[in-house]
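Examining the three-dimensional arrangement
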Amino acid sequence: MYQPNLFAGKVVLVSGGGSGIGKAIAKQYLQLGATVYIASRKLEKLENALKELSPIGDCRVLELNIRDVESIQVAAKQIKEQSGRLDILVNNAGGQFPSAAVLIAPKGWNAVIETNLTGTWLMSQTFAMEFFMPQKDGIIVNIIANIVRGFPGMAHTGAARAGVENLTKTLAVEWAPYHIRINAIAPGIILSTGLDQYPPELLKGIEAKIPMKRLGGTEEVGHLALFLSSPLSNYITGQTMYIDGGQSLWGDVWEIPDFEPKDRI
Ligand code: ADE
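Residues numbered from 1 in each chain as written. Predicted model: local features only at pLDDT ≥ 70, side-chain atom pairs only at ≥ 80, totals over all residues. Heavy atoms only, no water.

**Some words on the site of the ligand**
What counts here: Proximity is defined per residue: any heavy atom of the residue falling within 4 Å of a molecule or strand makes that residue near it. N or O atoms closer than or at 3.5 Å make up a polar contact, with two conditions inside protein: a donor-capable atom paired with an acceptor-capable one, and, for residues adjacent in sequence, both atoms drawn from side chains. To measure how exposed things are, a 1.4 Å probe is used in the Shrake-Rupley method; for residues, cover is taken only from the protein chains shown. Throughout, the ten residues Ala, Val, Leu, Ile, Met, Phe, Trp, Tyr, Cys and Pro are labelled nonpolar, Asp, Glu, Lys and Arg are labelled charged, and all others, Gly among them, are labelled polar.
Inspection of the region around the ligand gives Arg41, Leu64, Asn65, Ile66, Arg67, Ala93, Gly94 and Thr115 as its neighbouring residues. Contacts to the ligand include Leu64, whose backbone N or O atom sits 3.5 Å from a nitrogen atom. Contact distances for the ligand include 3.0 Å between a nitrogen atom and a backbone N or O atom of Ile66. Protein contact buries 89% of the 260 Å² of open area that the ligand shows by itself. In the shell around the ligand, the residues fall into three nonpolar, three polar and two charged.

Written out as structure tokens, the structure reads:
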């Protein structure tokens, strides 16, 4: 649907690119001619993805911990040595676990905030300083979540993703003079390996509760990432686009989780 060479000559980094939505995004950039670095903490995951993606285009792996600024700086150096530039950063890596808010212990809370909010920030700041600001050109796409009505059942990630949405707005304004555009994608329930972390009973019959009566596809999220990082969206910055089959506008997909406050208090 897009021109086959739309991203020819572009260098893209997708965090969490070894599986799920991140891998689907990486695949689409490769199909349109980009050099794509997929990053993850887990080398084995990256190597499996590489087997699938390298026949499509120039795909490379980066072992990277988004919570650790030194690890990010090492990755930036590697990209500089290998490709000399970076054009597009997709902050897709993240993680959370379902829990009633009252049962989340400080360690779990901090881990989710550090990965989803601080990790996205450290990646954005480092790659902006190393590449986008000196180049006076760059694009960041942040993958968040449907947080329109809070995130009952996952308060930690709701708070972190709301933080990223706000950061997206701030950076869009502060970095506009450097011709850096920053937008966010808020996927609803997408059929991907990301759903494996949730108990099957939480997902049973969920399609019926979404206005479009189906889950989203990873390739549909990919199409939006392509749009937000292509010249087709050149005047769009600081925005969050929902891709959720209407879920954020109507209906409750799951019950408020049961919990026993006395367990925690
Ligand atoms: N995916 C989930 N957590 C991550 C982390 N800390 N670094 C890179 N990828 C991740």
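**A closer look at the nonpolar core**
Heads up, the rule is: In this text, buried Ala, Val, Leu, Ile, Met, Phe, Trp, Tyr and Cys residues form a nonpolar core when linked through side-chain atoms within 4.5 Å. Under the scheme applied here, a residue whose accessible area is under 20% of the maximum for its type counts as buried, over 50% as exposed, and between as partly exposed, the area being computed with a 1.4 Å probe on protein chains only. The contact criterion used is simple: two residues touch if any of their non-hydrogen atoms lie within 4.5 Å.
Counting residues in each nonpolar core, the largest one holds 30 residues, and the members touching the most others are Phe7, Ile25, Tyr29, Val36, Ile38, Val90 and Ile185. Setting aside its immediate chain neighbours within four residues, Ile38 contacts Val14, Gly17, Ala26, Leu46, Ala49, Leu50, Leu53, Cys59, Arg60, Val61 and Leu62. Counting residues in hydrophobic clusters, the runner-up holds 27 residues, among them Phe131, Met133, Trp175 and Ile182.

**Some thoughts on the environment of Asn48**
Spelled out, the test is: A run of H or I in DSSP counts as a helix once it spans at least four residues, and a run of E counts as a strand once it spans at least two, with each numbered from the N terminus.
Positionally, Asn48 belongs in helix H2 (residues 43-53). Residues Asn48 and Leu171, spaced 123 residues apart in sequence, show a C-alpha to C-alpha distance of 34 Å.

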